Every structure is written in C-alpha cells, then in structure tokens.
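The lines below spell out each chain.
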Amino acid sequence: MKDEPRVGVFVCHCGTNIGGVVDVPEVVEYAKTLPYVVYADRNLYTCSEEGLNNIRDTIKEYNLNRVVVASCTPRTHEPLFRVACQEGGLNPYLFEMANIREHCSWVHHDSKEATEKAKDIVRMAVARSLWLEPQEEPELEIKDSSLVIGGGISGLVAAISLADQGFKVYLVEKEAELGGLVRQLYKLYPTLEDTSEILNPHIEEAKNHRNIEVHTSTTIKDIEGYVGNFHVTAIKNKEQIEFDVGTIIVATGAWNYHPPEGNFQYGVLDGVMTQLELEELLKEGKLERPEIIVMIQCVGSRVGEIWSYELVGLFHSQATRLLSKILGARGSEEGWAYCSKICCMNAIKNAILIKEQFPESEVTILYQDLRTYKEYEDFYRRARKLEVRFLKYIYEIPPEISEAPGNKLRVSFYDPFAGEEMSIICDKVALSTPLIPSKDGILLAKKLKIPLDQNGFLMEAHVKLRPIDTQIEGIFLAGTAAGPKDISESIVSAKAAAARASILMGNKVIKTEALTAVVNQDLCIGCGLCEELCPYGAHIVKDGKSTVIEALCKGCGVCVVACPQKAISAKHYTDDQILAAVKNAFTEQLT
Amino acid sequence: MSKSEDTESRTHDSSHDTKLMHIVAHTPRGKGILDCIQCGRCTSSCPMARQTSRYNPRRLMEMITIGLKEEVLSNTPWYCLSCFTCVDKCPQGADVGEVIFAIRNIAAREGHIPPGIKAQGGNIIDTGKISNPTKSILKQRQEMGLPEIEPSDTEELLKILRKTGFDKIIGHK
Amino acid sequence: MSVGYEPKILGFLCNWCSYAGADLAGVSRFEYPPNARVIRVMCSGRVDPVHILEGFKSGADGVLVTGCHPGDCHYVSGNFSTERRVEIMKKVVNKIGIDPERIRLEWVSASEGRKYAELVKEYTDSIRKLGPFPLNEISDLLDAAIGAFGSERVRWLMNKQLEEIEPEKAENVIITSIEREIERYQLFQILEKGNSTVSEMAKQTNLPSDVIVQHLIALMKQGTAAITAEAEHEYIYTLSR
Amino acid sequence: MKDSKSVLVVGGGIAGIQASLDAADRGFKVYLVEKTPSIGGRMAQLDKTFPTMDCSICILAPKMAECYRHSNITLLTYSEVQDAKGSIGNFEVAVLKKARHVKEDKCVGCGICTEKCPVKVPNEFEMGLADRKAIYMPFPQAVPRLTTIDEENCLFFQKGTCRVCEKLCEAGAIDFDEKPEEIVLNVDAIILATGFDVFNPKAITAYGYGKYKNVITAMELERLICASGPTDGYILRPSDGKEPESVVFIQCVGSRDQRYNPYCSSICCKYAIKDAVLIREHHPEIDTYVFYIDLRAFGKGFQEFANRSKEEYGINYIRSNPGEIREDPITQDLTIWYEDTLTRTIKPLTVGLVVLCTASIPRPDNKKLSELIGVELDDLGFFRASHDIDHPVDLTVPGVYGCGFCLGPRVGDIPHSVMQAGAAVARMSEELAGMEEA
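Residues numbered from 1 in each chain as written. Chains lettered and ligands numbered in written order. Predicted model: local features only at pLDDT ≥ 70, side-chain atom pairs only at ≥ 80, totals over all residues. Heavy atoms only, no water.

Our focus in this paragraph is the overall build of chain A. The helix and strand tally for chain A stands at 16 helices and 30 strands. Rg of the C-alpha trace for chain A: 32 Å, well past the compact-globule value of 25 Å for 591 residues, more than 25% over. Principal-axis analysis of the C-alpha atoms gives chain A an extent of 100 × 60 × 45 Å. Residues classed as buried in chain A amount to 65% of the 591 residues present. Of all intrachain contacts in chain A linking residues separated by at least 6 positions in sequence, the fraction that spans at least 24 positions is 71%. (Helix = DSSP H or I, 4+ residues; strand = E, 2+ residues; numbered from the N terminus. Rg over C-alpha atoms; globule rule 2.2 N^0.38 Å. Buried < 20%, exposed > 50% of the residue type's maximum accessible area, 1.4 Å probe, protein only. Contact = heavy atoms within 4.5 Å.)

Structure follows, in structure tokens:
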C-alpha cells in the first residue's frame, strides 16, 4: 500500500432484493469497524441517479481514495460505478464491488447466514481495495494505411473497399497478374456470368485507384510491429521495398487439390482430369462435340479422418506437417477430411454449361451427398431438368476408372439406390477436388503468429462471432485463406475484413486494455516461457528480457502464474490483491 | 454397408440403356423422372411397398435413371395400385405414380405386358369388366336368390378401344 | 467430525463463464448453501497454485476453481493451463497428506446457473464428509508447499511444454520433482529458524537422512546453506545469508 | 468521414447486433430497432452453437451488453418501423415505440413484479414449453434488463383490475398510462437484419405435429436441451415428462419441398448433428437417429464434426425421408415408417420423441419493410440482393443493405451473418464516403 487508504463503503438495499434477506444496516455497521474504512452507509438503489450522486459527493467530502459498492454483479454494474468514481475525481480502478445480490441474497434464504456471508464478501472487497492501484487505458495511434496480402478476388475487394473509404492500401500479389484462382474459372454459379465480367472490373479499379498501390510479383519478406504500426518488408522483382501500415488483411487464398498420380487414374489415362481442368477446356472452347462425361465428387475431400475440437489451439508445431502434406499433395495418398463446400455447385455449373452447349451430351455426376445448400437447390433442379444424371456412390466403395475399347473410359461403381453395380462408358472423367490451404497462407501464418486450424487454414479469433478477426489485433482474414468459400462468400468476407480494418483506422487511436501483464525487468531472465504460453503473441523476448506489448495483451494472467522468476504481474489482479481477498475470506486479516 | 451384404446386387455392364431416362422424361406423363432426388418418401408411404419387397417406387425411379430397361419394363411397374399416395407425398413433385404410367405405356408398346394384365384387358373388351365373377360366385348368388348379372353395354367402350389400338396392344383376338 | 461443523469453501471463478454462471444461479434464484466465498479472476489461468494453498492456510477446507469449458475460454487456452496445473497439484498435495478432493476444478459456463448451484451444494457436502482441513497437523508442510509452488523450478516444470517426453512419463517426473522441492523447502524452513543437524532435521520432517543429505548438498551447491560447525559426529548446517 | 453519419438497423439478432457494433465503432450514430422487448434474437434461444459447442448465450450476451452501453448506439426495443422515405444520405424513418408500461430509467430488473403477476401466458422465448407472466422479462440475460407489460394479457388492460405489479414495484417503474410514441429519425443509411421465422410443420399432417405431443420442432428441442431452459437441460417428453429411450430427427421438413419452400435451409443438418451429440453427451442411454436426404455438413469443421458424431457418439444416420408418423395412443410412443434408401428396406421404427427440423422461412415483416423502403423481395420472400455474386449485401435501393438470414439462407450460419453485417457496414461506409467526395 503506497498511500494511506481511505475507504468508502456503499451498501445497497436494491429495494428488497438485498434488504429483504440481508440485514443491510448490520453490514454497514460491520463495514465501519473495518480498518481504513472512513465512511459506510446504505442506499435504497445505489445504481439510481441519487445513489450515483451520493458516491460522487462522498468521495469529495470524505476525501476517499477507495470506493467499495456492495450490491449486485460487477459484470453488469461495474462500468456504471466506475464512471461515478471518475466523476468524483477518483481513478476508476480504485473501485471495487462486493456482489451481495446474485451471490448472496438471491441464493440464500436464511437471513442470518446471508448477512454473515455478506459481511465476509464486503470484508474481502475492502481488503482487496486496499491494494488497488490507479490504471490508465493507454491510447495507441493507428496508421491509416493497410496492407492487403493477395490479389485474388478477396484481396481486390478488400483493397477497393478500404480505398473507397479513403484509406491508403498496399496490395501485394506474388504472381505477375492480379486475379488469383478465380482467373482460371470460366463462368460463375449461379448466374452463369463470365468470370471476367465480375473479375476484370475489380482488377481495373484496383490498378487505377488513387488510394491503391499495386505490387505484383512481390512477396512478403518480413512484418514487424503490432496493431497500428506494422513495418512491412517485401521483395519486388528482387528489389526490397518497405512501408508502414496500421492494419493487415490476409487474403492469400487457397489452392486447388490435384490427386496424386494414379489416383482415379489421374495422370495415367487420357481423359481423366480435375473439374478445374475441365472448366479450362470449356473456357477455351475445346469441347467441340457432344460427349459422355462423368464427374466424381469428393475426390481428396471428406476423407475419413477424424479430429477433435478440443485440439483447436496453437498449431504451430503442426505447421510443418501440414506444409509437407500440401506440398506433397501432388504425390501423396492423403486427402482432406473436410467438405470443400463449393464442388457440388461447381460440378453442376459445368454440367449445365455442357448440356446447354451440347444437349446431346450425357453428363453424370457421382456424389456422396449433394450439398446444394440455400437457393442452390434450384440450381440442382435446373441441372436435373436439363437431364443431367445424378447418382450416388458410397464412401467405402469409390468409383473405379479403367480403359474401355475405342479410346473410351469405363467408370464402374456401386449404386446403393438401385442396389446395383454398374458402369458407364464415357469420353471424359472430371474429378471434383477440394480447395486446400495454400503454402503462402501457412508460411505467413507462422510469420504473423496466427494459429492454423487442423487442416492448415488460418484460424479466426472466434469461429462463430469473430470470423474475420485473427487472434493478432489489427490482422484480418478475407476469402479462402480461412477455409473454402465461393465467390460471393469471399466477397462478403473481404468486405467484412475491410469493415473491421476501417474501424481501427477510422478511429485513428484505440484504447488498449488497461489490465495487462507487466514484466519487472530486473527479475526477468529471458527464459521465454511467457512468450511460449501467450496466446496473443504479446510477450516478446529480446536481448534476454521479456517485454509486454500492451496493445496485444488481453490480461488473462496465464503468464503471471507461469513465470519462474515471478517477474510478471497482472495489473488490477496482482498477487497482493488476490491474496488479500483470499486471506480475508473467512477471517479478518486486514492489516 | 458393403456389397457382400447386399443380396440383390448384380453386375451390369452393357445391359443398361442410358437413354431410358431421356425417353421417359419426354413422354407426357414421365417428366417427373427428372425431379426425383431419391429421398424415399414415396416408398416410405407406399401401401404396396409395405406388402412386397418386389415393388419399390423409389428404386424403380433409380432403375429408370440408370437405364436398367429390362427390369424397368418387366412385371415391376404393374404392382402399382395407382393410389397416388406417392404423388401426394413427393416433396419434389416428381409425380412417381405418373412416371409409372409412362413406363407402363412404354412397356406395353414394346410388348412387355404380364399375362395377367393382358387377360384383364381382354375381359374389358369382352365384358366391360376387369374381372368376371367365377363359377363358384355365380353359384353362390343363385343359392342366395340374387338376380343374374346383366352383361354391360360395351358398344361405346369397344369403339374407343379399337380406335386406340388397345386390342392390338394386348393381343386380343 | 466435529458437531455443527460447517465447511468453508474458497472459490476462484473466471469472469467470462463461471462468474456469469454463478450470476445466473442468482438471477434464477437457485438456492445453495452459503459456505463458499468467491474471488473473481479474469481467467482461471490466473489462479496460482500458491493462491490455492494460501486459501487453506487462511481457513478454507476446500478450494473450488471454475473456468470455461474446454474450447470456450475467452483467452483461447487459459483453461488448459489451469487444468494442467490443478491436475499436477492434486497429485502432489495427495502425497503431503492433503486429500486431493480438497482441490476441485470444474467447468461452468455462463448458462449453467443450475450446475453452479448444484456444484456448490455437492462440493460443500463432499468437504463436510472430509471434515476440517488439518491445518495444525500439516502447517509446516503447507508452508513448505507454498514455498515450493512459488519456486523457480516448480513453476518452470508446471508450465513448460515437455514435448520430447511422453506425457505420462513427463507427469511423473514433474510430480517427483515437486515433491523433492517441497522436501527442500521443509529443510530450508528449519534452517531459517536456526542451525540444525541431519538427525534433528530427520526427526522434524520424518525424511530419511540420506535424502536430507542429498538436499543439503544441493543447497550448499546453490550457496543457500553451509556447514558452519561440527558437533558429536555431526555437522551443523546454517543458512547462508 | 464526418462523425454525423447515422444508420438505422432493423432487427436485434446477431446480425443486427454485429452490424450495430461495427457501425458504431466505425463512428456512425446507430439506431437499433427491435420489435420484441429484448435484443438477442434467435441466437439467444439456442443452447449451443455448432460445431465448437460454444454456449450460445455466453458468447452472445457480452455483445448484447456492448450494444446497450455503446455511446453511439440508441437501442429502440419494443419498437417497429412505421414509415420510411427519402434516399441514401437522407432517409426519414418513423419508428413506433410501443408502450411497455415500465419506465426504462426506473426499472432495476429485480423481477418481483413478474413473480406476483397472476396471469400466465405461454413463454415465446421458451417456444411455449414454459409460461411467463403478463409482465415479464423475456429471458434472464435480456437487454435492456427490464420488464414489459403485455397489454393483450394484462388484467388491468383487459378487465381494468389487478395493478399488483404497480403496488409491489419499489422502484416505482410501472406506468399504466404510458402511450405509444412515434419517433422520427433522420439517417443516412438503413441496414435490414430481420432474421427468419420457423416453418409451422402442422401443414405436413402425416408427421402429426400439433396432434401428437411428442412430435416437436428443433427450436423447441433447443430450449429443452438448454441448461437454463424449462427442463433445466433434461430431455423430457412433453406428453409425460419422462426421458425418451430414443430420439429421431427428421430433416427437410418444409424445406427442399416444392409445395412449401423449395430451397435448402442450410442449417438443419448441422444443428441436428449438434443436438444429437448434445443428447448423447448428456444422456448416453438415449439412442439418436437422424433421417436425412443429403447430409449437408458443409463449411468449416462440419464434415469432421459429422464424422465424429457417427464414430464417437454413435449417432445413427438413415438416408430416408419418412412417409408418416403414427402415435401409440397408450404409450404415446411414435412409429415412423421409412425406407432406408441405402439398403432399400422398408420398416417401422418406434421412438419416444420426434424432432422435426423445420425450414427457416422469411419473416412476414419483410413484406411491410419492402413496401415502406422500396427494396425488392425475391420470389421466396427474402430481401433481394442487387447482385447475387458481386453485391451480396446491397439491396435494390441505394443506401439500404441487408445482413443475416433475411437475405435468404445463404450460407445460413452465424459466422456468415457476422460477416454480412461487417460487409453491410463496409458498403455503407464506401458509398457514403463516395457521396461526400462527389
């Protein structure tokens, strides 16, 4: 305790909610007996205007430097009382709450027992309050420029959105051309527009936007810093370029899986190709006459691998394994457990294109489950009306492909709906292969300390409610880098990433967490355990000492408990503060 | 599930006719074949399918789709009672009962009418009734003092049947 | 068991799930016994083993730590750290004569008001059956454990991911090492009170003399203890200042 | 951007909440209009969210509280849009604030009034599986945390008697004389987030919903398995309050159906898997069956979750759309006739509880809003995007955007709704910035 504490205690009746069970006057009298308590009184509703004014005035009148309110849960009312303290001239972190409603009067019926417990709770709060220290919420400046990594549809859309909102954008693409994987597509479902009709205007807009600096044939070499102030080093045509940005949008996209040679006769028999290769033929007009075509879904996806969600967390140790899996994808037997989500619609799209061009063609789609979600169900129906044949195969008995006389292919499979084995003699077989994580995504994730999911896609900060944010503040995800998406979904995610980044940059400063960890530099030996444990990358060990990047720290305190030297403490949750409450939980040990 | 567990399975190679689906789809009553997504609601609610494993309307639709012409045009479609429960229940509007009429028509045209059905057709031409009372029933009626059954007036009916070639389709002499 | 004995429970509740769950128990008016005193921390990962042991020293008969369910942690993985620490602690305290049931880790989500109420009730009953914490009997050992769990070595062992060793083996190594550290703290405490000999220390701690000698050698290597005199065939050990 | 820009957000579910927070953080003055007494929407009713099994209200409640506290957000709950005119940059919207007869600045949310109110009404939040009073808090985590008097059921408004709540309220918050109030807002843009309704499966008579007590909808089950729901999370049959030996989920009830809703609702397969797993987790003795046509476990983590549900939790998956359900009048068990389309066998299955996974359908409010604001609806009754691929959150009137399920099932999950909310805010910021420049 640095200063002589002068504690004021305000006990709330909350109408009869507390007062009906707990003997409030008795608690007030008890509070008066506690050391350092210079004021204690009660209110009918402390949270009312009257109650709040009372706090404000009493702080001044009694020269209080600690305030304890014994009422309801801090989870709803702490912010309110903190404001009252601030208005009374007290740092809001010198306020402490004793929850004698949710944790006492509402759950205990015996008045005597509840009153005793309420006294204990007040004592614990007073004890803790003695050790409280003022805290500040530091402000951090945010540079109003952004780095967008990846020049595919997601990167383009995100960049243009930010640029339209007036922010400077550096758009970095490793290839010589913008457009990414989408460039290889012919038409887009469900509208069957030419890809170029959607893609080209975005490319042109990005190239000509006065707020966008496009860097093609450029790779990211290094990114240092943190939210608001990232320093980026990139290599453009062997030359090093550098710039500073406030936010980063990762739009590194995904790769299309190629089956290993021989798998489904891919690379062995002519006429066996991936769905994307078939689409390229369509695009180039190389399908010249009606043909018999069989499409096989889920080649390389939905492979029966099981994994547990409990493992979701820090996957960097697995990054190497995932990398080798991706890089070896062209030669390994492994596939992917997940559903790539877009392949059903994509196959249907190509089937429709073929049938519309050559109604005499025979197109058969072999599927496991047909996943034409949302209104795409209509798209499925449209294909059926065009007499595209849909047949199911089961996972355990995958279709087999062999040569047939006359330069044809035979696809043999088991149809569970009919209970018959059958085969189709055809001209071409298209294998619907999944979108898989890109190498660039994984390497970048390692660089930026963004965790990967089990499949190697970049992980969101929260899969439900923060699907665009990463665990690293100021870095956002757009498009398929985070998992398979179709064009429309990618555009939505890219716009959303732009929105999240624009919030930071638009506000120019952010208030960072006051309750961060602090390292005592004299005690730290730079062992690195904190750096290893921190889920946010907030600890950085440099020159044998760890420092906390306040902008990244969320104040969980995991590092505090781990530090072998006890060099780390958590603001507002110091050992002294917690132990004061512990020691006073059952008996008075205030001094 | 594996193949070996499935007793019904057979091997087809060139015996299937992939054109069948298109042919059926282009008949007036057969276009529902393209709507079927094999959900199984028709079979789940078909009164006949609960009686015999030989009849399964959903499977019949699949057989048309994969072109197992021989089986499709065999006895199977004639099990249908034409109650149209399947039509009422089908979520996709695939009109299964209608498709069954379509394949019966194709079967008839190609001469695949089961003898029993032909006999019924003959009865209609001869007497205006699908089936006629047996001798024992006639005897019972007599014993109970019921009047004799009057023959139906089939003149108008016969005109239609001849004009449409019904007698030729069923091979009536 | 003493008549009319009411167990005292100390609870550590994480702010995001468990404290909210306890709030919901209140909002829903689920009654439970008034035996628990709770401390709110931002994350169960902030609960230091030392806090738990200090709880016993301050009169708690049982300590309840609650956090978010696996996968729900507001801080991604804080509850996994807690789980590991509590698991190890329970095994260690068992060896020094504290029933591991006196430390309990449970997951309570913000929607599990009923579960929280039931938990407090059930845990209070369970501690009531165990009887009061034997504070007088093991107060020295408890102090040694508090020292040990605050020590550099134990904190390192409790938190470092030992990827090279199989998890089960690693846990054994960790638990044995912590036990050794507690023994060392016991000796340290004796020496803090004044000079002592191996046989005196053996009498006070019930540890075999060879174990004591090993610890003393280690303490001397660290420069923490030294031999300062000799008496009746024995050395006298002193704490180096 | 000038800090004077403002936006009206219609609908206080997760999409509307996220849009409000993003817009408010971006510097917009936000008016969030919600027609029920509390924000929270469908997500507040869910027990867990798939596939991570996060407790739904736990992750939602902090966002709700943030909306309440945000200095840029004005919450207008129990309010409805009455009229709208103008165009981007200058919309004039009239909002009717219904009389809740409880003063927002006085009510402390203690709930004493709800305890003593003598009128019991089926609780909408609990899908009618429990009762609430005529003065009520919609659910414990409601935001704003205050009660509302439901005039249609209140004894005072119906018969002129009672006023018990007024006598008991120590805070003096009850105000029987309160009148509805029309507020006119001037906003630069509008974001619609009206969410979805649940298809009433009574229409499909063969399944017996409404006739057989033990045939329930998935939304009802969601409340049954929720730890803070009417049965404290125990799976109990409505007919006798006993635990069923087996539970069946039937997919595509009213969706993928040309007669009702031709589209796929996108979420049902996934929540059925989740609910089946939850049931097996809590009650390993209950057998669970999922009847499906195509198991649509697409999206991040879902296929893996489906695999796990099968292999670790032993959920039985049957590929079939059953024909009919019959009730045993004595035991009230239910017999389902189905064909397993993969083995082509037709058989009955008798179970204790049937859960119908019903279609998610457009809210009727969409029609009114489309007329007031001039945005088009698609053939299904959802808001039409101005371009399916390129402008997925722009509606057909400039300055009006949509997010969440009111745009149609789309990807139909919470993360995508959250993304759409962000996208709507981005589009609004782009277009308003463009206007300022011009």
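Moving on, there is more to tell.
Here the focus is the interface of chain A and chain D. Across the contact, 79 residues belong to chain A and 74 residues belong to chain D. Summing both sides of the interface, chain A and chain D together bury roughly 6200 Å²; the carbon and sulfur share of this comes to 57%. Summed over the shared surface of chain A and chain D, the number is five salt bridges. Linking Glu377(A) and Arg256(D) is a salt bridge whose minimum nitrogen-to-oxygen distance equals 2.8 Å. There are 28 residue pairs in polar contact (both at pLDDT 80 or more) connecting chain A and chain D. Elements with a contribution of two residues or more to the side of chain A that touches chain D: α3 (74–87), α6 (153–164), α7 (195–208), α11 (376–385) and α13 (487–507) of chain A. Here the element with the most residues in the side of chain A that touches chain D is α13(A); it accounts for 14 residues. (Buried area = accessible area lost by both parts, 1.4 Å probe. Salt bridge = Lys/Arg side-chain N within 4 Å of Asp/Glu carboxyl O. Polar contact = N/O pair within 3.5 Å; in protein donor to acceptor, adjacent residues only side chain to side chain.)

With that settled, the discussion passes to the environment of Val24(B). Residue and element names in this part refer to chain B. Assignment of secondary structure puts Val24 in helix α1 (residues 20–25). Taking C-alpha positions, Val24 is 6.7 Å from Ala102, a pair spaced 78 residues apart along the chain. Aside from chain neighbours lying at most four places away, what touches Val24 is Gly30, Lys31, Ile33, Ile64, Val99, Ile103 and Ile106.

Attention now goes to the packing of aromatic side chains. Where two aromatic rings form a pair, the distance of their centres and the angle of their planes describe that pair. Under the definition given, this model contains 27 aromatic pairs over all chains. Taking the centre distance of 4.0 Å and the plane angle of 5 degrees together, the rings of Tyr170(A) and Phe243(A) count as stacked. You can see Tyr170(A) sitting in strand β7 (residues 168–172) and its partner Phe243(A) sitting in strand β13 (residues 239–245), a full 73 residues away along the chain. Phe243(A) gets classed as buried once you look at its relative accessible area, which sits at 6%. Plain terms: the ring middles of Phe196(D) and Phe405(D) are 4.6 Å apart, the flat faces sit at 50 degrees to each other, and that makes the pair tilted. Here the residue Phe196(D) occupies a position in strand β14 (residues 196–198), and Phe405(D) occupies one in the loop between β26 (400–402) and α11 (414–437), the gap between them amounting to 209 residues. (Phe/Tyr/Trp six-rings, centres within 6.5 Å; stacked < 30°, edge-to-face > 60°.)

If you look at the biggest cluster of nonpolar residues, it comprises 214 residues, and the most contacted ones within it are Leu147(A), Phe12(C), Phe149(C), Leu8(D), Ile191(D), Leu192(D) and Met428(D). Core analysis: the next-biggest nonpolar cluster, separate from the first, contains 107 residues, Tyr257(A), Met345(A), Val277(D) and Val354(D) among them. (Core = buried A, V, L, I, M, F, W, Y, C linked by side-chain atoms within 4.5 Å.)

Our focus in this paragraph is the sheet that holds strand β17 (residues 292–296) of chain A. Residues and elements named next belong to chain A. The parallel open sheet is built from five strands, whose spatial order is β16-β23-β17-β18-β19. Here the strands that pair on one side only, and so sit at the sheet edges, are β16 (272–274) and β19 (389–392). With direction set aside, neighbouring strand axes in the sheet form an average angle of 25 degrees. Bridge analysis of strand β18 (residues 362–367) against β19 gives four bridges, and the strand direction is parallel. Bridging across to β19, Leu366 finds its partner in Leu391. (Pairing = 2+ DSSP bridges. Axes fitted to C-alpha atoms, helices over the stretch in contact; angles between N-to-C directions.)

Okay, the interface of chain C and chain A next. Counting residues at the interface gives 57 residues for chain C, matched by 49 residues for chain A. For chain C, the biggest contributors to the area lost against chain A are Arg37(C), Arg46(C) and Arg155(C); these three give 16% of the whole. The interface formed by chain C and chain A contains four salt bridges. A salt bridge links Asp120(A) to Arg37(C); the shortest N-O distance between them is 2.8 Å. For the side of chain C that touches chain A, the secondary-structure elements that each account for two or more residues are β1 (9–14), α1 (18–27), β2 (36–41), α2 (49–57), α3 (78–95) and α6 (152–159) of chain C. In terms of residue count, the dominant contributor to the side of chain C that touches chain A is α1(C) (seven residues). Of the residues assigned to the side of chain C that touches chain A, the class counts are 28 nonpolar, 16 polar and 13 charged. (Nonpolar A, V, L, I, M, F, W, Y, C, P; charged D, E, K, R; others polar.)

Another aspect to go through is helix α1 (residues 24–33) of chain A. All names here are of chain A. Within the span of α1, buried status applies to Val24, Val27, Val28, Tyr30 and Ala31. Taken down its axis, α1 places every buried residue within 165 degrees of arc, on the same side. Its buried side turned inward, α1 meets β1 (7–12), β2 (37–43) and α5 (111–130). (Arc of directions from axis to C-beta.)

This brings us to helix α8 (residues 268–282) of chain D. Between the first and last C-alpha of α8(D) there are 21 Å, a value that for 15 residues agrees with the 21 Å anticipated at 1.5 Å per step. Burial analysis of α8(D) places 13 of its 15 residues in the buried class, the great majority of the element. (Expected span 1.5 Å × (residues − 1).)

A separate point is the packing of helix α8 (residues 198–205) of chain C against helix α9 (residues 209–222) of chain C. All names here are of chain C. Between α8 and α9, the shortest axis-to-axis distance is 9 Å and the interhelical angle comes to 115 degrees. Classed by the angle they form, the pair α8 and α9 counts as roughly perpendicular. The element α8 and its partner α9 pack so that their crossing is right-handed. On the side of α8, the interface is formed by Val198, Met201, Ala202 and Thr205, while α9 contributes Ser209, Ile212, Val213 and Leu216. A class-by-class count of the residues in the contact of α8 with α9 yields six nonpolar, two polar and no charged. (Parallel < 35°, antiparallel > 145°, perpendicular 65-115°, else oblique. Left-handed = near helix turned anticlockwise from the far one by under 90°.)

The next thing to look at is the pairing of strand β20 (residues 400–404) of chain A. Residue and element names in this part refer to chain A. Note that β20 and strand β21 (residues 408–415) share five bridges and pair antiparallel. Considered in β21, the bridge of Glu400 is made with Ser412. In this antiparallel pair of consecutive strands, β20 and β21, the connection spans three residues, and Gly406 shows a positive phi of 75 degrees.

All names here are of chain B. Looking at chain B, pLDDT values average 87 and 91% of them are 70 or higher. Within chain B, the lowest mean pLDDT, 86, falls on helix α11 (residues 166–169), and the highest, 96, falls on helix α4 (residues 57–66). Every residue in residues 1–13 is under pLDDT 50, and counting partners more than four places away or in other chains gives 29 contacts. Across the whole predicted complex the pTM is 0.84, and at the interface the ipTM reaches 0.82. (pLDDT = per-residue confidence, 0-100.)

This part covers the pairing of strand β22 (residues 420–426) of chain A. Residue and element names in this part refer to chain A. A large share of β22 lies buried, amounting to five of its seven residues. Bridge count between β21 and β22: seven bridges; the pairing is antiparallel. Bridge pairing in β22 places Val411 opposite Ile424. Following β21, the chain reverses through four residues before pairing antiparallel with β22; Gly419 in that reversal takes a positive phi of roughly 75 degrees.

Our focus in this paragraph is the state of the cysteines. Residues and elements named next belong to chain A. What the rule picks out here adds up to zero disulfides over all chains. Cys12 carries a free sulfur, and the closest cysteine sulfur to it, the one in Cys14, is 5.1 Å from it. Judged by its relative accessible area of 4%, Cys12 is buried. Between Cys534, a free cysteine, and Cys553, which holds the nearest cysteine sulfur, the sulfur-to-sulfur gap is 6.5 Å. (Disulfide = S-S within 2.5 Å.)

One pass over the full model with this rule turns up 87 salt bridges over all chains. One salt bridge in this structure joins Glu26(A) and Lys119(A), with 2.8 Å as the shortest N-O distance. Within this pair, whereas Glu26(A) is found in helix α1, its partner Lys119(A) is found in helix α5, the two being separated by 93 residues in sequence. Overall, Glu26(A) belongs to the partly exposed group, its relative accessible area being 32%. Notably, a salt bridge pairs Lys95(C) with Glu179(C), separated by 3.4 Å at the nearest N-O pair. Within this pair, whereas Lys95(C) is found in helix α3, its partner Glu179(C) is found in helix α7 (residues 167–193), the two being separated by 84 residues in sequence.

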